[in-house]
Number of protein chains: 2
Amino acid sequence: MTKYQHQTRLLAAIDCIIFGFDGTTLKLLLVQRAIQPEKGRWSLMGGFIQPDESADIAAVRVLKKLTGLEGVYLEQLHTFSDPKRDPIERTLSVTYFALIDIHRYEQQLSDEYHAEWFTLTEIPQLIFDHPEMMYMAQEKLRYKAALHPLLFELLPKKFTLPQLQSLYECVYDMPFDKRNFTRKVLSTKLLVKQKDKDKGNSKKGAFFYKLDNKQYKANLHAFLNIIPNPPIG
Amino acid sequence: MTKYQHQTRLLAAIDCIIFGFDGTTLKLLLVQRAIQPEKGRWSLMGGFIQPDESADIAAVRVLKKLTGLEGVYLEQLHTFSDPKRDPIERTLSVTYFALIDIHRYEQQLSDEYHAEWFTLTEIPQLIFDHPEMMYMAQEKLRYKAALHPLLFELLPKKFTLPQLQSLYECVYDMPFDKRNFTRKVLSTKLLVKQKDKDKGNSKKGAFFYKLDNKQYKANLHAFLNIIPNPPIG
DNA sequence: TCAAAAGTGTTATGAGTACACCCATGG
DNA sequence: CCATGGGTGTACTCATAACACTTTTGA
């Protein structure tokens, strides 16, 4: 016997929920679908899993094709498998959520793939079960970022504490106390203060910080407790 | 166009990591594989996703077939998709972890499916990537149970605080202070004290408690903080 | 000189932890 | 009556949360 008999084979795809932060709002990268059905409508970036690929590898490939980026934070989210989720043919989708530094994103690719960043509050109608995927990704981001140092992935290598704070405020849609926030963040010892300042947002300028990569990798799972009352999920 | 052209179809299966608690140790339900290859070796319970089924439905079906149980706690864990994970033919597996009250398990099914409960420390060699699945399920159980009221799913409807405590001690492999444990658990308001006692383990007897179902469903996501230093993952 | 953002310290409250003795009962 | 497991309270420490003023500097 070389095959499993009498079982149905089906298509397997991956879809990526790609988050970015432009300094003010949290955004999702969407593409206009290139193939029928629903050609031209907005969707998450996805693609079929190839014969020699795991889903993880497929996600990395698709992400690189769309954004030009490698080494991006990418995590398996959930597998969607409703038999009717794709009206053309049964397709199972393994979803991933990705956190990228929006400034590293290569704008030229937008044209090539008809991609666009959307603020979370202005997401267009998406195809299939993509709204559900998006919702789940948001929930997971909020859940996980409340406990783990994750949101750094959305910032440039050098960032300021006010930038970090506004990112958190944006993700949780609530204000944070500057002093408590600073204290908590610094108490994790994940950040290293730099000598130079970012003068983009103020006259005084705010010191840059970098992640202490050794600490970061060791403490990826450290509990942060940045959020006073952690979100549920 | 009625089909996606030039894409490979593949088999899709589900596998269940089934946890049970016998009052003393945490156990996994394993089966002896009924089909080639690896027939007769121990594996997680699984099955192929049928044409009219989502993965969730398939998991429920498989779980009912093996344990006779319905309404069991079942949660999607991770999708394993290495192209070579099954040597016969490429098969993607969506894994689920299940928490069941071991006493509701119908023993007769053990014979029918060659199933057996194994203590976590005495797991036999498993096929394919099932060890990895098992490991991931354990990690997730520990992670999630530290934050959410989850372990109740492993106990009978009526249980005592000492029983609950020994379950936690077993999952986290550490002792807990009885007084602090009791206080924390009761402070969640999830438990309702019953009038009767369990005299199985002591002469004095320990009061039974039941979950307050309304509270439980509303607070499924409540943070428990039963574990002093939450586990990482 | 003033507007705008950055940076910093203290206090009060609540949560977590460590810890030891009495109670009830069946044998 | 005694061995066994069940049940309870307090004090200390530490983490969190609330809160306001000074600094810097470009325009």
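Since the model is a prediction, treat every value here as computed from it, not as a measurement.

Undergrad: Lay out the nonpolar core with the relevant residues and their values.
TA: Of all hydrophobic cores here, the largest spans 54 residues; its most connected members are I14(A), I18(A), L92(A), I14(B), I18(B) and L92(B). Ignoring any residue separated from it by four or fewer positions in sequence, one finds I18(B) in contact with K27(B), L28(B), L29(B), M45(B), L63(B), L66(B), A98(B), I100(B) and W117(B).

Undergrad: Would you mind going over the packing of helix α3 (residues 130-145) of chain B against helix α4 (residues 161-172) of chain B in detail, with residue names and values included?
TA: Any two packed helices are characterised by the angle at which their axes cross and by the distance between the axes. All names here are of chain B. Here α3 crosses α4 at 130°, and the two axes come no closer than 10 Å. Judged on the interaxial angle alone, α4 and α3 are oblique. Both α3 and α4 take part in a crossing whose hand is left-handed. Counted together, L141, R142 and A145 of α3 and Y168, V171 and Y172 of α4 form the full contact between these two elements.

Undergrad: With reference to specific residues and values, describe the protein's contact with DNA strand D.
TA: As a structural note, the neighbourhood of DNA strand D is formed by 20 residues, with R179(A), P228(A), K178(B), K204(B) and F207(B) the closest of them. Here the atoms of DNA strand D within 4 Å of the protein split so that 36% fall in sugar or phosphate, with bases taking the remainder. D177(A) is positioned such that a nitrogen or oxygen atom in its side chain is 3.3 Å from a base nitrogen of DNA strand D. In the environment of DNA strand D, a sugar or linking oxygen lies 3.3 Å from a nitrogen or oxygen atom belonging to the backbone of G205(B).

Undergrad: Give me the relation of the copies chain A and chain B: which residues, what numbers.
TA: Once chain A has been moved 0.0 Å along the axis and rotated by 180°, it coincides with chain B to within an RMSD of 0.0 Å. Put plainly, the chains are arranged around a two-fold axis. Mapped onto chain B, 100% of the interface residues of chain A are again interface residues, and the two copies thus contact each other with one and the same surface.

Undergrad: Explain the interface of chain A and chain B residue by residue, including any values.
TA: Facing 46 residues of chain A, the contacting portion of chain B comprises 46 residues. Buried surface at the junction of chain A and chain B, summed over both partners, amounts to about 3800 Å²; 59% is from carbon and sulfur atoms. Seen at the junction of chain A and chain B, the total is 2 salt bridges. Two residues, E89(B) and R9(A), come together in a salt bridge whose shortest N-O distance is 2.5 Å. Where chain A meets chain B, there are 26 residue pairs in polar contact (both at pLDDT 80 or more). At the level of elements, β1 (9-21), α1 (55-67), β5 (73-80), β6 (91-99) and α3 (130-147) of chain A are the ones that each hand at least two residues to the side of chain A that touches chain B. The greatest single-element share of the side of chain A that touches chain B, amounting to 4 residues, is contributed by β1(A). Counted by class, the side of chain A that touches chain B contains 22 nonpolar, 14 polar and 10 charged residues. The sheet contact formed by β1(A) and strand β1 (residues 9-21) of chain B spans 3 bridges and is antiparallel.

Undergrad: So, the domain arrangement of chain A: which residues are in play, and what are the values?
TA: Residue and element names in this part refer to chain A. What the domain assignment lists for chain A is domain 1 (11-145) and domain 2 (151-218). The gap between the C-alpha centroids of domain 1 and domain 2 is 27 Å. At the boundary of domain 1 with domain 2, total buried surface from both sides reaches about 1100 Å², with 68% on carbon and sulfur atoms. Looking at the side of domain 1 facing domain 2, the largest losses of area belong to F21, R142 and A145, adding up to 45% of the total buried there. For the pair domain 1 and domain 2, the number of links is 0 salt bridges. There are 2 residue pairs in polar contact (both at pLDDT 80 or more) connecting domain 1 and domain 2. Mapped by element, the contributors of at least two residues to the side of domain 1 that touches domain 2 are β1 and α3.

Undergrad: Kindly report on the protein's contact with DNA strand C, identifying the contributing residues and their values.
TA: Around DNA strand C sit 20 residues, and of these K178(A), F207(A), R179(B), N180(B) and P228(B) come closest. Here the atoms of DNA strand C within 4 Å of the protein split so that 42% fall in sugar or phosphate, with bases taking the remainder. In this structure, K204(A) approaches DNA strand C through a side-chain N or O atom, which is 3.1 Å from a base nitrogen. Mapped onto the surface near DNA strand C, the elements with two or more residues apiece are α5 (178-187) and β10 (206-211) of chain A together with α5 (178-187) of chain B. The dominant element in the surface near DNA strand C, judged by the number of residues it contributes, is α5(B), at 4 residues. The class makeup of the residues in the surface near DNA strand C is 4 nonpolar, 5 polar and 11 charged.

Undergrad: Any chance you could break down the UniProt feature "domain: Nudix hydrolase" (unreviewed entry) in chain A for me, citing the residues and the numbers?
TA: Feature annotation in UniProt assigns "domain: Nudix hydrolase" (unreviewed entry) to the following positions: residues 9-140 of chain A. Segment residues 9-140 of chain A splits into 23% helix and 36% strand. End C-alpha atoms: 30 Å apart.

Undergrad: Go over helix α4 (residues 161-172) of chain A with me, naming the residues and quoting the values.
TA: Residues and elements named next belong to chain A. Relative to the 16 Å expected for 12 residues at 1.5 Å per residue, α4 spans 16 Å between its end C-alpha atoms, a close match to the ideal helical length. Taken residue by residue, α4 has L161, L164, Q165, L167, Y168, V171 and Y172 as its buried positions. Summarising the axial view, the buried residues of α4 lie within an arc of 155°, below the 170-degree limit, and thus occupy one face. Once α4 ends, the next one or two residues include D173, with phi positive near 50°.

Rules used throughout
Residues numbered from 1 in each chain as written. Chains lettered and ligands numbered in written order. Predicted model: local features only at pLDDT ≥ 70, side-chain atom pairs only at ≥ 80, totals over all residues. Heavy atoms only, no water. Core = buried A, V, L, I, M, F, W, Y, C linked by side-chain atoms within 4.5 Å. Buried < 20%, exposed > 50% of the residue type's maximum accessible area, 1.4 Å probe, protein only. Contact = heavy atoms within 4.5 Å. Axes fitted to C-alpha atoms, helices over the stretch in contact; angles between N-to-C directions. Helix = DSSP H or I, 4+ residues; strand = E, 2+ residues; numbered from the N terminus. Parallel < 35°, antiparallel > 145°, perpendicular 65-115°, else oblique. Left-handed = near helix turned anticlockwise from the far one by under 90°. Near = heavy atom within 4 Å. Polar contact = N/O pair within 3.5 Å; in protein donor to acceptor, adjacent residues only side chain to side chain. Least-squares fit on C-alpha atoms with pLDDT ≥ 70 in both. Buried area = accessible area lost by both parts, 1.4 Å probe. Salt bridge = Lys/Arg side-chain N within 4 Å of Asp/Glu carboxyl O. Nonpolar A, V, L, I, M, F, W, Y, C, P; charged D, E, K, R; others polar. Pairing = 2+ DSSP bridges. Domains from an automatic or database assignment. UniProt positions renumbered as here; feature names shortened; annotations may be inferred. Expected span 1.5 Å × (residues − 1). Arc of directions from axis to C-beta.

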